[in-house]
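One letter stands for each residue in the lines below.
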Amino acid sequence: MGSYANGSTCANEDSPLAEEMKEPAFPSKTMSLHANGWLNDMKISSPTAVRVNIGNPGAFDPIYRDWTKKYPSALNAFGKIVAYGKGKKTVLFLDYDGTLSPIVDDPDNAIMSDQMREVVRNAALHLPTAIISGRSCDKVFDFVKLTELYYAGSHGMDIIGPIGKSGSVTDHRSCSNSSAKQDKEVKIFQAASEFIPMIDEVFRLLIEKIRGIDGAKVENNKFCVSVHYRNVNEKDWPIVARCTDDVLKAYPRLRLSHGRKVLEVRPVIDWNKGKAVEFLLDSLGLADSDNVLPIYIGDDRTDEDAFKVLREDKRGFGILVSSVPKESHAAYSLADPSEVMDFLKRLVKWKEEEAFK
Ligand SMILES: [Mg+2]
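Since the structure is predicted, the reported quantities are computational estimates derived from the model, not experimental observations. Throughout this document, residue positions are counted from 1 along each chain, in the order its sequence is written. Confidence filtering applies because this is a predicted model: local features only for residues at pLDDT of at least 70, side-chain atom pairs given and counted only at 80 or more, and all residues used for totals across whole chains, interfaces and linings. Based on all heavy atoms of the structure, the side-chain values leave hydrogens and waters out of the count.

(A) Local environment of the coordination of the magnesium ion. In this structure, Asp95 (OD), Asp97 (O) and Asp299 (OD) serve as the protein donors to the magnesium ion, at separations of 2.1 to 2.3 Å. Donor atoms: N, O and S within 2.8 Å of the metal, or within 3.2 Å for Na, K and Ca. Because water is excluded, sites can look incomplete. When the donor residues of the magnesium ion are listed from N- to C-terminus, their spacing reads D-x1-D-x201-D. Taken as a pair, Asp97 in the loop between β1 (89–94) and α6 (114–126) and Asp299 in the loop between β9 (292–298) and α12 (304–313) lie far apart in primary sequence, 202 residues in all. By the burial criterion, Asp97 is buried, and Asp299 matches it. To qualify as a helix, a DSSP run of H or I must reach at least 4 residues; to qualify as a strand, a run of E must reach at least 2; elements of each kind are numbered from the N terminus. To sort residues, take the accessible area from a 1.4 Å probe on protein chains only and compare it with the maximum for the residue type: under 20% means buried, over 50% means exposed, and anything in between is partly exposed.

Okay, structure coming up:
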């Protein structure tokens, strides 16, 4: 098992976590600058869930109700949203975890319901729909199993398009080596693919490092590594931060970002979910059009880059999925995946009605 720079071991049998917490190792300079900052970010990114009343979140919670004055429910504001989108081409961008699937203890079990799958499929039949996730394309596709969508995995560094659709970014069936894919995605993949061996190395080191932390899990998402701590006792979060910091110190070309109860290690390149939205709009020939309404629905901090792009460009809406009040660049809110499903159903119904006018 690996060691801290100051010589203390990271969560192994000789050094039980409980003891580590009672007598924390003296932090190195890097750790105090980064890991402690990360710990704050981990707490900010992962607020303790205060359950609201599903179905009518604001009714009994004055704090939440107050928050929705700033971020109105996209269901309540539906009329306003579609009035803005009237006659425009609506493009839908969806995060996966916590947006289409519930946040669960084991990230491998973040399964979307059949009902949600059908709603998303129906949405994709009516309007261009993309899923933008921190997970790899292959992993998201395994969960979603819909061929009608665009998938932007690894925070958009890995983009594939609907099967057999002309004008799509790529063909999912030939995800790994299609020349068409290489032609279309060259500016993405040239930037990120050189990092794959480094990502693999960091993945192996992190597995070794956090092996003894109860509930922690490391996931290789091709262009990024995710360290999941949603199943880790909060008292052990500092150890997760320290272990990750320890590994990352040797990799200045990698950086850390925060999702919801997940630390994500990514290459230092100018790429994020916001860039992925711009890339996809561009690929679909919808980038400069005033007649386009992009809607992005997501639940965590990595989605903020996309919310920001839409807000700054004044050309669409971000919708934050959250059952607890938090600051966001989104314009609207939805409480949970079941409200996302209701919103998508209404959007499809509106599109169907519009088609008959
Ligand atoms: Mg999410």
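Once you've had a look at it, read on.
(B) Structural context of the side chain of Lys88. Relative to the helices and strands, Lys88 resides in the loop between α5 (78–85) and β1. Buried charge without a partner: Lys88 forms no salt bridge, and the closest opposite charge is Asp290, 7.7 Å away. Residues in contact with Lys88, not counting those within four places in the same chain, are Asp290, Asn291, Val292, Leu293 and Lys351. Positive residues here are Lys and Arg, negative ones are Asp and Glu, while His and the chain termini are left out of the count. Any Lys or Arg side-chain nitrogen found within 4 Å of a carboxyl oxygen on Asp or Glu counts as a salt bridge. Here, two residues are considered to be in contact whenever any of their heavy atoms come within 4.5 Å of each other.

(C) Representation of the confidence of the model for the protein chain. Residue-level confidence of the predictor, termed pLDDT, takes values from 0 up to 100. With 76% of its residues at a pLDDT of 70 or more, the protein chain shows a mean pLDDT of 79. Between residues 1–33, whose pLDDT stays under 50, and residues either more than four places distant or in other chains, the model counts 60 contacts. In this model residues 50–54 is a low-confidence stretch, pLDDT under 50, and it forms ten contacts with partners more than four residues away in sequence or in other chains.

(D) Local environment of the pattern of salt bridges. Scanning the entire structure with this criterion turns up 22 salt bridges. Between Lys209 and Asp246 there is a salt bridge, and its shortest N-O distance comes to 3.1 Å. Of this pair, Lys209 sits in helix α9 (residues 196–210) while Asp246 sits in helix α10 (residues 237–248), and the two are 37 residues apart along the sequence. Note on Lys209: relative accessible area 6%, which makes it buried. Residue Asp246 is classed as buried on the basis of its relative accessible area of 13%. Through salt bridges with shared partners, a single network forms among Asp97, Arg135, Lys139 and Glu219.

(E) How the structure looks around α5. All of the buried residues along α5 are Phe78, Ile81, Val82 and Gly85. One face of α5 carries all of its buried residues, which in axial projection span an arc of 90°. Counted as exposed and oriented over 90 degrees from the buried face of α5: Lys80 and Ala83. Among the structural elements, β9, β10 (317–321), β11 (332–334) and α13 (337–355) are those in contact with the buried residues of α5. The arc under discussion is defined with respect to the helix axis, by the directions toward the C-beta atoms.

(F) Representation of the sheet that holds strand β7 (residues 254–259). Pairing is antiparallel across the open sheet formed by four strands, whose spatial order is β5-β6-β8-β7. The sheet terminates laterally at β5 (217–220) and β7, the two strands that pair on one side only. Neighbour-to-neighbour, the strand axes of the sheet open up by a mean angle of 20°, direction not taken into account. One bridge is not enough; two strands pair if DSSP finds at least two bridges between them. Here strand β6 (residues 225–228) pairs with strand β8 (residues 262–267) via four bridges, running antiparallel. Within β8, the residue paired with Val225 across the bridge is Val265. The strands that α9 touches are β5, β6, β7 and β8; relative to β5, the one it contacts most, it runs at about 170°. Here an angle of 0 to 180 degrees is reported between the N-to-C directions of two axes, which are lines fitted to C-alpha atoms, with helices fitted over the stretch in contact.

(G) Structural context of the sheet that holds strand β4 (residues 158–160). Overall, mixed pairing links the seven strands, which are arranged β4-β3-β2-β1-β9-β10-β11 in an open sheet. Only two strands of the sheet have a single partner each, and these edge strands are β4 and β11. Mean inter-strand twist for the sheet, computed between neighbouring axes without regard to direction, equals 20°. Here four bridges tie β9 to β10, and the two strands are oriented parallel to one another. Paired with Tyr296 across the bridge in β10 is Gly318.

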